[in-house]
Amino acid sequence: MGATLDGKDFPVAVVNDMKEILITTLFAGILSAANAEKEKPNVLFILIDDFGWHDVGYNGSEFYETPRIDELAKTWMRFDNCYTPSPMCSPTRTSVLTGKNPARHGVTQWLKGADYFFSREGEEQVVYCPGPHSSGIEDSEITLGEAFQEANYDTAFFGKWHMGNLKATGGPNNHGYAVQKAIIEANSCRLFDCAGYFPNKAKKGDCFTDLLTDEAVEFVAAKRDNPFYLHLCYFAMHDQIKSKSELRERFEKKAERLGIRSETALDDYSHQPHKLHQDSPEYAGELYNLDRNIGRLIDALKEAGQYEKTIIIFTGDNGGRSTVNKPDATSVIPLRGGKTFLFEAGLRTPLLIHWPGHSQVKLRTKEPVSSMDFYPSLLEMAGLEAKPDQHVDGVSLVPLFQGKPLQRDTLYWHFPHYQGEGSYPASAIRVGDFKLIYNYHHKDVLLFNLANDPRESKNLAASMPKKAKALEEKLMTYLKENGAYLPQSPTLQQKRKRLGSRKKSEN
Ligand SMILES: [Ca+2]
């Protein structure tokens, strides 16, 4: 009488063989699961602050020099139309971590800038819109860090946080990042007076960009059992711009050699002077040093044998600042606007993605994408399950690596606040090549066809009223359906806050 497997009779020897096969198969299965865990790709997310689309050599900058970043653009996937969901720090950073539009996650303004003073000769503040979540990112969000922590990744957050102070939000440690270092809560970092962020490792005069890279190099090269996810946020190129003296001198000479003139032009929307040329040796020197640090980090990954095991996203949190209310601004020409504006230059920033085994030389896309897309993209690239209830406004960018388009035709922006650069509270929508900006202050709209007017110089609202109306209605429906906080008439108290001298911008 033989033993039975699944109720059938087999000779004992056969059953023993089958048991062996079963055990071997089972063991192999466990081993391959363990290997799969070990073979999961690492993730390195690099965020640059106030990073103009035209700040890099590969997008046409002639005065600045970014040789290491330009080198990456040759072999990584290059995105020509990467939009940030806000022209401002805190909202975009929260969108990256939540996969949601600022209209939905509620951090619509830099923290805490909802009470920004507005005053311009001949104009008064007419609307007011405090952020409903002005204390920062909510505990109820399942962040990108938490998603990777759940998947047994070693998670870390280094550098600028700016999603609410550590007391209110608990900081990165409370949002999925096991290790946190050199955390900048807001915008109080002085690039060369930052030793406090690196206890026992730095002295006055050392550069924050260099020190932050040192920490990142140490982290990515460490021996570990689990894959890692490092969220690395530089403070460069945020105001105050400051270069190492030898680099500033190098670009002073270059500016002289090229005969670069400092010129501005008044924009008829902001009524502020914007820079016509990239002309600041201070900005060029700081950017060159940042570029060297990006190169150093990539070299460290290669030396540690991790480069081909690491997905790397390199991007900015909003466009460059072009208004000269700050010294050493950049120029955003050939685009319009700059930081705080919903014109292209406020929203567009460089994006490069390295996905080992999928990035190809000369692979480049013009498809409009958003920083909200990184959450679902990284989950899919790492082979983790999507969290569709969380990253509701993002879509995975994986189809673009396969030469397919995204299944999305509309992007929305919501920045309902005044800012010192001359921007008005506004929301915007892009469908196909058409983009509409609704200005709450003047209650009017601007309509552009980006296909033949990327500089947004020709307002088509009067000549295409049906198109403008349809886009405006679609935008307002989206905002209302998703609980966006809309600007209202200010109370006397809210208006009174704005009387007095112009408050210094700290966004
Ligand atoms: Ca920023």
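Here the structure is a predicted model, which means the values were calculated and not measured.

A. Focus on the overall build of the chain. A tally of regular secondary structure across the chain gives 14 helices and 18 strands. Split into buried and exposed, the 507 residues of the chain put 47% on the buried side. Taking the intrachain contacts of the chain between residues at least 6 apart in sequence as the baseline, contacts between residues at least 24 apart amount to 67%.

B. Spotlight on the confidence of the model for the chain. With 89% of its residues at a pLDDT of 70 or more, the chain has an overall mean of 90. Within the model, the stretch residues 1-15 combines pLDDT values under 50 with 13 contacts to residues more than four positions away or in other chains. Low confidence marks residues 499-507, where pLDDT is under 50. Its contacts with residues over four positions away, or in another chain, come to eleven contacts.

C. Summary view of the sheet that holds strand S7 (residues 179-184). Spatially, the eight strands line up as an open sheet ordered S7-S6-S8-S3-S11-S12-S4-S13, and their pairing is mixed. Bordering the open sheet on either side are S7 and strand S13 (364-365), each of which pairs with just one other strand.

D. Representation of the packing of helix H2 (residues 67-75) against helix H9 (residues 281-303) within the structure. Axis separation between H2 and H9 bottoms out at 7 Å; the angle between their running directions is 50°. Taken together, the axes of H2 and H9 are oblique relative to one another. Residues Pro67, Arg68 and Ile69 of H2 form the contact with H9, whose own contacting residues are Asp291, Arg292, Ile294 and Gly295. Residue classes in the contact of H2 with H9 are distributed as three nonpolar, one polar and three charged.

E. Molecular detail of the pairing of strand S16 (residues 426-431). With respect to burial, S16 is a largely interior element, five of its six residues being buried. Relative to S16, strand S15 (residues 410-415) is paired through six bridges, and the arrangement is antiparallel. Bridge pairing in S16 links Tyr412 to Ile429. In the sheet, S16 pairs with strand S17 (residues 434-439) via six bridges, with the strands oriented antiparallel. By the bridge assignment for S17, Ala426 is matched with Asn439. What sits between S16 and S17 in their antiparallel hairpin is a turn of two residues, with Gly432 showing a positive phi close to 60°.

F. Main features of the packing of helix H8 (residues 245-258) against H9. Where H8 contacts H9, the two axes come as close as 8 Å, and the packing angle between them is 125°. The angle between the axes of H8 and H9 places the two elements in the oblique class. The two elements H8 and H9 cross, and the hand of that crossing is right-handed. In this structure, H8 uses Leu247, Arg248, Arg250, Phe251, Glu252 and Ala255 to contact H9, whose residues at the interface are Pro281, Glu282, Ala284, Gly285, Tyr288 and Asn289.

G. Looking closely at the sheet that holds S17. Taken in spatial order, the four strands of this open sheet run S15-S16-S17-S18, and their pairing is antiparallel. The open sheet has two edge strands, S15 and strand S18 (444-449), and neither has a second partner. For this sheet the average axis-to-axis angle between neighbouring strands, irrespective of direction, equals 15°. Contacts between helix H13 (residues 465-481) and the sheet are confined to S15, S16, S17 and S18, with S17 contributing the most and set at about 65° to the helix.

H. Summary view of the nonpolar core. Ranked by internal contacts, the top residues of the largest apolar core, which has 115 residues, are Leu230, Leu232, Leu342 and Leu436. If one sorts the elements of this core by residue count, H9 sits on top with nine residues. Excluding residues that lie within four positions of it along the chain, Leu232 makes contacts with Leu44, Phe45, Ile46, Leu47, Phe158, Gly159 and Ala216.

I. Seen up close, the pairing of strand S11 (residues 310-316). With seven of its seven residues buried, S11 lies for the most part within the structure. On S11, burial covers both faces: Thr310, Ile312, Phe314 and Gly316 on one face and Ile311, Ile313 and Thr315 on the other are all buried. Relative to strand S12 (residues 351-354), S11 is paired through four bridges, and the arrangement is antiparallel. Paired with Ile312 across the two strands is His354, which belongs to S12.

J. Up close: the environment of Ala221. When you line up the elements, Ala221 lands in helix H7 (residues 208-221). The class for Ala221 is partly exposed, based on 14 C-beta atoms found within 10 Å. Each C-alpha atom, one on Ala221 and one on Leu301, is 6.7 Å from the other, the two residues being 80 residues apart in sequence. In this view, Ala221 contacts Ala300 and Ala304; residues no more than four positions away in its chain are not counted.

K. How the structure looks around unusual backbone geometry. In this model, Asp239 is joined to Gln240 through a cis peptide bond whose omega is 5°. As for its position among the elements, Gln240 is in the loop between strand S8 (228-233) and H8. Of note, the phi angle at Glu456 is positive, near 55°, even though the residue is not glycine. Secondary-structure assignment places Glu456 in the loop between S18 and H13.

Basis of the calculations
- Residues numbered from 1 in each chain as written.
- Predicted model: local features only at pLDDT ≥ 70, side-chain atom pairs only at ≥ 80, totals over all residues.
- Helix = DSSP H or I, 4+ residues; strand = E, 2+ residues; numbered from the N terminus.
- Buried ≥ 20, exposed ≤ 12 C-beta atoms within 10 Å, placed from the backbone.
- Contact = placed C-beta atoms within 7 Å.
- pLDDT = per-residue confidence, 0-100.
- Pairing = 2+ DSSP bridges.
- Axes fitted to C-alpha atoms, helices over the stretch in contact; angles between N-to-C directions.
- Parallel < 35°, antiparallel > 145°, perpendicular 65-115°, else oblique.
- Nonpolar A, V, L, I, M, F, W, Y, C, P; charged D, E, K, R; others polar.
- Left-handed = near helix turned anticlockwise from the far one by under 90°.
- Core = buried A, V, L, I, M, F, W, Y, C linked by C-beta atoms within 7 Å.

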